[in-house]
Amino acid sequence: QVQLVEAGGGSVQPGGSLRLSCAASGIIVSSDVMAWYRQAPGKQRELVARIFRPGTTYYSGSVRGRFTISRDNAKNTMYLQMNSLKPEDTAVYYCNTAAAGAWGQGTQVTVSS
């Protein structure tokens, strides 16, 4: 049974920062390709960032330079550090594992003045 639980979302002003976490059970975070996706109301879900088994990363053009994806192997948890947040970053953020095809329940991020 694979379970992913996101946390850390909230409301922040433009230019602010948030740190999202994805606590995993049933998989080993360090051994799987994992990713963050997001979905805004009325829009399709889109890939935000991905981290591969060797630790290399990928970022979408809209977040590159502002977001950082990482792992904490001891806690079996994946993180997304989000800096310089913009209103267009407002969405529900989901974590995903490639091997199991599992999704978390999502955490809401709202960026507004």
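Before any of the text, the structure's been laid out above.
For the structure given in this document, a descriptive report is provided here. Only a predicted model underlies this, so the values are computations on that prediction, with no experimental measurement involved.

With respect to the sheet that holds strand β6 (residues 57-59)
Pairing is mixed across the open sheet formed by six strands, whose spatial order is β2-β10-β9-β4-β5-β6. The outermost strands of the open sheet, each flanked by one partner alone, are β2 (10-12) and β6. The sheet shows a mean angle of 25 degrees between the axes of neighbouring strands, taken without regard to direction. Pairing of strand β9 (residues 91-97) with strand β10 (residues 107-111), which is carried by three bridges, proceeds in the antiparallel orientation.

Here we look at the sheet that holds strand β7 (residues 67-72)
Strand order in the open sheet made by the four strands is β1-β3-β8-β7, with antiparallel pairing throughout. A single partner strand is all that each edge strand has here, and the edge strands are β1 (3-7) and β7. The average angle at which neighbouring strand axes cross in this sheet is 15 degrees, direction not considered. Bridge analysis of strand β3 (residues 18-25) against strand β8 (residues 77-82) gives six bridges, and the strand direction is antiparallel. By the bridge assignment, Cys-22 is partnered in β8 with Met-78.

Some points on the environment of Gly-104
Along the chain, Gly-104 turns up in the loop between β9 and β10. Between the alpha carbons of Gly-104 and Val-2 there is a distance of 9.6 Å; along the sequence they are 102 residues apart. With sequence-adjacent residues up to four places away left out, Gly-104 is seen in contact with Leu-4, Glu-6, Tyr-94 and Cys-95.

Considerations on the pairing of strand β4 (residues 34-39)
When you tally the buried positions in β4, you get five out of six residues, the bulk of the element. Pairing geometry for β4 and strand β5 (residues 46-51), over five bridges, is antiparallel. Its bridge partner lying in β5, Ala-35 is registered against Arg-50. As consecutive antiparallel partners, β4 and β5 are separated by six residues, and within that stretch Gly-42 has a phi angle of approximately 75 degrees, a positive value. Direction of pairing for β4 relative to β9: antiparallel, over a ladder of six bridges. From the neighbouring strand, Met-34 faces β9, where its bridge partner is Thr-97.

Thresholds applied
Residues numbered from 1 in each chain as written. Predicted model: local features only at pLDDT ≥ 70, side-chain atom pairs only at ≥ 80, totals over all residues. Heavy atoms only, no water. Pairing = 2+ DSSP bridges. Helix = DSSP H or I, 4+ residues; strand = E, 2+ residues; numbered from the N terminus. Axes fitted to C-alpha atoms, helices over the stretch in contact; angles between N-to-C directions. Contact = heavy atoms within 4.5 Å. Buried < 20%, exposed > 50% of the residue type's maximum accessible area, 1.4 Å probe, protein only.

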